[in-house]
Every structure is written in C-alpha cells, then in structure tokens.
Amino acid sequence: MSEYIVNVDLKRKVTPYRGSGRSILFIILPYLEQKKDATKGKTRSFLAFPYGVLSIATYLNKKAGVLPTVKIVDLNIYTSDQYAPVLGKLLEEMNPDVVGISMMFDQSYRYLSAIARQAKKVCPGTKVLIGGASATTAFDEILQDQPDLDAICYSEGEAAMLRLIDAEDMDTVLSGDPWVTRASLAKTQKPNTVYVEHLNYVINVNYDLIDRKVYSMREAFSPFATYRNESDVRQFFLVTSRGCPFKCVFCAEPSLHGANMRYADVDAIIEHVRFLVDKYGMNVLTIYDDQLLMDTKRAKELFRRLAPFKLRLETPNGVTVVFIDEEMAFLMKQAGLDTLPLAIESGSDYVLHKIIKKPLRLDRVKPVVEALQKNGIFVQAYFVIGLPGEREEDRVETVKCIKEWGLDWSGFSMASPVRGSELYTICKTKGYIPKDMKLGDIEGNQYMINAPELGLDPETISRKAYTMNLDVNFVNNRRMHIGDYKTAASSFEEVVERYGKHAFGHYFLAEAYRALNANSALITENIQRYQDLVRNDQELRTYAMEFGMPI
C-alpha cells in the first residue's frame, strides 16, 4: 500500500489489498455523433487522446501496491452499432473488478444507461463507477437516474482510484470521499475532492495504453498550424497545472479542480517533453492549462527550457492577459508559440466586472497585444456574449475595443449555462432555462438561454454572435487592413476548410488572393463559391446586404 493512501484520510484507514492485482476497464463515453465526424477530411477533428483517463491509468501503474491490469476502450473510435459487441467482448475476456466510465461532456449522457447496464449484466460482481467533469457537476441527478452505477467519483480521479484498488474492501473506500453513493447522497452532504499529492506524478502520461494511430485531432485555429505545411504532425497534450482562483460566472472549473493553483515542476515537464520527442518524435505540443501564466516566474522558466526543442506550441484554452509582459511575450515566441488566444471575454467594463466577475482592466489589453505582435505572434481573443444582464451597447463596445486593440482574430461563444457554474444556478432560478431540463439537454454549440424581456433569445444572440464574427474577422480583418495578405489568406483558408459553406470566408479569401496576385483560377473559384452560397441562402444574403457586400 502506498504511503499516500495512509495519509489521504487518517480517520478512514483501510486494509491493504494482498491479491494478485485487480483488473480495471476504463470506458470513454462517446461525445461525437459518429466516428466520421472526427475523421472526415479537411475539418478539425475533435477525436483527442483521452488524456484524463490516461492520467489515471498511468498513475495507477506507477503507484499501486499491487500492479493492476488496466485496459482503455474509447467508444469514440467506433460507430454506434459497434459499442455493445466491442464492450461485450472486453467484459467477457477481462471480467474486471472495476469498470470506470469517463463522462467529460453532457452529450455523452444518452449512452450511459445502456453501457452501465451491459457491464452489470455481463459482470455482476464488478464495481461500475463514473467520473469526469459532467459526472462531477451532476452527481446527484446521475445516481438517482442510473440504478446500475455503484458510485461517482467527485472531481479528480487519480488518488481516489488508487486508494480504491489498493484496498482489501472496496466498499469501505467507496463509503468515503471523494466517492458519492446512494447512501452518502441520502445524507445530503456535498462530497469533498481528494487531490493527487503532486502533479509531478501525473505528468509522464503513458500513451502506450492506447492505439495512438486512431486519434486524429488537429491543431487549434491558426494561420500557422503545422498540418497546413507538413503531412506528418505528431501532436501530444500536456496539462501542467490545475485549479483556478477566479470565479467567472460561466465557468465550472473551480468546482472541478478547486480554487487553489497546483503546478507540476518544470523539471518534470521538461523530462516528459524530452521523452515525447525522443520516443514519438513529437513536433507539436498542446498545453491545456487554464492558468498557465499565473506563476509568471515558473511560466518564463518553462518557455526558456522549451525553446531548444524547436516545437510548435499552442494553448487553446487561452491565457490571462495580465500576466504577459515584454519578456513573457518574447519567451513565448522563442518557445514556439506563433498564435496566442487571450481570454478577455468582453470589451465592456460593466459586463466584465458586474456580470462575469473577472478582475481584468481593459486598459491592460492593448499594450499586451502590441507586445505579442511585436514578437510575431498572431493574437486571438475569446469573448462570451448573451449573458443575462448584457446589453446591446455592451456588444457594441466589445466590437469597438476589438478594433482599437488591433486583434488578429476573435472567437465569439454564446453563453452556456454549464452545470457547476454560477450561470447555471442563475438560469435555473430565474427560469431562463426550463426547470425540468435534464442532463444532456444542453448542447455546447447552441444558445439555450431564453429571456426575451432581457433581449436574450436563441435567434437574437445567435445572429449577434455571427454578425460580430463577420465584422471583426472578415469585413474589418486586421491582417488585410495592414497589408499582410499572406497571413490573412491562411486564416481564410482555415475557415473555408473547417466550414465549407462560409460565404464571407470564400469572398475574402478571393480578395486576399487578388492582393497576392495569386492564380486567377483560385480567385474565380472562391468568388463563384461566395456567389452560389449567397444566391441560395436568404440568411446569407441578409448578412451580405448588411455589410454592403456584392450580391
């Protein structure tokens, strides 16, 4: 039994397991409609490595008192008619002691019942457990609705799973934190997270536990994405910190990993990066931290030590503006960051401070944007619109700020009442979403808030988000404005590859090609595509007329 297990909860000591090693089958629930949605050509694939489960499995193999047998099956790589036979075969072969189901996204919930039922039917003695972000934020609803589940892991899973498989009596462990059972739910007390003792133990993820070849996630949006110029992109992921002290109204992160920041040591990170480069030839590193820069001294050291690897870095979750100075901008570029998204959220002080509750001073943004661009970094920013209390003048102010700051690209998300966030509670209490809305009813790419008295309804906000996007990214594109037609063209190429029916993307791609004196056939092809799309879609014609585009 590992030393940490004794120290997790001194009031709840457990007898160590002395058997030959337990068996665990991890199942990643589908979050894609079909496998083809992830692998079809010229679109970004969201078929990413199951990083969270890999982290838990790696940790168990390193720390368990008795080495377990661990297998991972990711149902996203199969079609829906394959789920039952694939699982049936694995369950019969393994007869696992534990089935650990990962549910990171609400849309996966529709598959849970059948999979949990199948696990119990084939292996009646197995412990069927579930964890992940969506499981954490809806643990009470899930337990009440899923009779074949034995327990839910609240928040992080590494230390919880280790203690479970290292115990002689798993039921004793499941009766305490961070596990939630029907018995503990009846006590109406919120579970507590059991954190891994140090993130160094979960950095060196073992990718040999999966078939890496079946995963096909491309890099995030960027005119400089490696896959545009290289056919062999070897991309891996890394999470070097957990937690977030901010309390943005739309975010559930503090309920998942806590408000206190925890970091892996730079030495451990660099050791793992070197391993990925040496073993797999990694040339793209995606860092998925929520607060990568908060410890600025650590961040700068990390960037300095990443620079010699000559990787392309990306940070698709975005970074916080206030932690970037001239030195940070320089070190980021040297480390391999050519594109950087800033998590700004709004150009309105009122929205930022009174609604989102984000402590960002907007006068800090422009100097940071200039410092990044001076170092050759393409500067993106993320914005959220449609929050209760937001006004039309706030959206106008956001567009004005984007142009004044000189952002290269802006992403607009429609506010989503994610479970575990303050926004979800507000929307439920105020009746902005149906009180009987079930888990899985909220889709991340749809606007669900309905408060017409506030000017918030799906049709209005969807149109506002798209109009703002067309305005700042196409009609008033900064790179076109300053004459950097090559970068502008690459940006528009990304758009039309990802969204083939993007009329404005085709039109402005043609304009960029024209400025570059490109092949006339390319110009004609994109203009014709624009005309066809506008001619056959009344809504697109309306947008074109609104911006004075040729019809």
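The rules behind these values
- Residues numbered from 1 in each chain as written.
- Predicted model: local features only at pLDDT ≥ 70, side-chain atom pairs only at ≥ 80, totals over all residues.
- Heavy atoms only, no water.
- Helix = DSSP H or I, 4+ residues; strand = E, 2+ residues; numbered from the N terminus.
- Buried < 20%, exposed > 50% of the residue type's maximum accessible area, 1.4 Å probe, protein only.
- Lys, Arg positive; Asp, Glu negative; His and termini not counted.
- Salt bridge = Lys/Arg side-chain N within 4 Å of Asp/Glu carboxyl O.
- Contact = heavy atoms within 4.5 Å.
- Axes fitted to C-alpha atoms, helices over the stretch in contact; angles between N-to-C directions.
- Parallel < 35°, antiparallel > 145°, perpendicular 65-115°, else oblique.
- Left-handed = near helix turned anticlockwise from the far one by under 90°.
- Nonpolar A, V, L, I, M, F, W, Y, C, P; charged D, E, K, R; others polar.
- Pairing = 2+ DSSP bridges.
- Right-handed = clockwise from strand over helix to strand, strands pointing away.
- Expected span 1.5 Å × (residues − 1).
- Arc of directions from axis to C-beta.
- Polar contact = N/O pair within 3.5 Å; in protein donor to acceptor, adjacent residues only side chain to side chain.
- pLDDT = per-residue confidence, 0-100.

Details of the side chain of Lys428
Its place among the elements puts Lys428 in helix α18 (residues 422-430). Although Lys428 lies buried, it forms no salt bridge, and the closest oppositely charged side chain, Asp436, sits 6.5 Å away as judged by the N-O distance. Every residue in contact with Lys428, bar those within four places of it in the chain, is listed here: Ile433, Pro434, Lys435, Asp436 and Met437.

Description of the packing of helix α4 (residues 83-94) against helix α5 (residues 109-122)
Direction vectors running N to C along α4 and α5 enclose 30°, while the axes themselves pass 10 Å from each other. Overall, the two elements α4 and α5 adopt an arrangement that is roughly parallel. Like other packed secondary-structure pairs, α4 and α5 cross with a definite hand, here right-handed. Two secondary-structure elements touch here, α4 through Tyr83, Ala84, Leu87, Gly88, Leu91 and Glu92 and α5 through Tyr111, Ile115, Gln118, Ala119 and Val122. Taken together, the residues of the contact of α4 with α5 break down into 8 nonpolar, 2 polar and 1 charged.

Overview of the pattern of salt bridges
This structure, assessed with the given rule, holds 40 salt bridges. Notably, a salt bridge pairs Glu158 with Arg242, separated by 2.8 Å at the nearest N-O pair. Of the two residues, Glu158 is situated in helix α8 (residues 158-165) and Arg242 in strand β8 (residues 241-242); the sequence distance between them amounts to 84 residues. Side by side, Glu158 and Arg242 carry an identical accessibility label, which is buried. For the salt bridge of Glu493 with Arg228, the shortest nitrogen-to-oxygen distance reads 2.5 Å. Pair noted here: Glu493 is in helix α21 (residues 485-498) and Arg228 is in the loop between α10 (182-186) and β7 (235-238), with a separation of 265 residues, a long-range link.

Quick look at the pairing of strand β4 (residues 127-131)
Every regular strand shows the same layout, with side chains that alternate between the two sheet faces. Counting buried positions along β4 gives 5 out of 5 residues, so the element sits mostly inside the fold. Of the pairings in the sheet, the one linking strand β3 (residues 98-102) to β4 comprises 5 bridges and is parallel in character. Bridge pairing in β4 links Ile101 to Ile130. In terms of handedness, the path from β3 via α5 over to β4 forms a crossover that is right-handed. When β4 meets strand β5 (residues 151-153), the two strands line up parallel, connected through 2 bridges.

Here we look at helix α23 (residues 520-535)
When the terminal C-alpha atoms of α23 are compared, their 22 Å separation across 16 residues agrees well with the 22 Å that a helix rising 1.5 Å per residue should span. Of the residues making up α23, those classed as buried are Ile523, Asn526, Ile527, Tyr530, Leu533 and Val534. Seen from one end, α23 has its buried residues packed into an arc of 125°, which puts them on one side. Across α23 from its buried face, at more than 90 degrees, point the exposed residues Ser520, Thr524 and Glu525. Buried positions along α23 lie against α22 (503-515) and α24 (538-546). Of the residues flanking the start of α23, the one acting as N-cap is Asn519, its side-chain oxygen 2.7 Å from the backbone nitrogen of Ala521.

Observations concerning the sheet that holds β7
Strands sit in the order β7-β10-β11 across an open sheet of 3 strands; the sheet is parallel. Each edge of the sheet is formed by a strand with only one pairing partner; in this case those strands are β7 and β11 (312-314). Adjacent strand axes in the sheet meet at a mean angle of 20° when their direction is disregarded. One ladder, built from 3 bridges, connects strand β10 (residues 284-287) with β11; its direction is parallel. Considered in β11, the bridge of Val284 is made with Arg312.

Here's the deal with the confidence of the model for the protein chain
Per-residue pLDDT for the protein chain has a mean of 91; in total, 93% of the residues score no lower than 70. Confidence over residues 1-12 falls short of pLDDT 50; this stretch has 25 contacts with residues more than four positions distant or in other chains. Residue range residues 38-44 is modelled with pLDDT below 50. Its contacts to residues more than four positions away, or to other chains, number 18 contacts.

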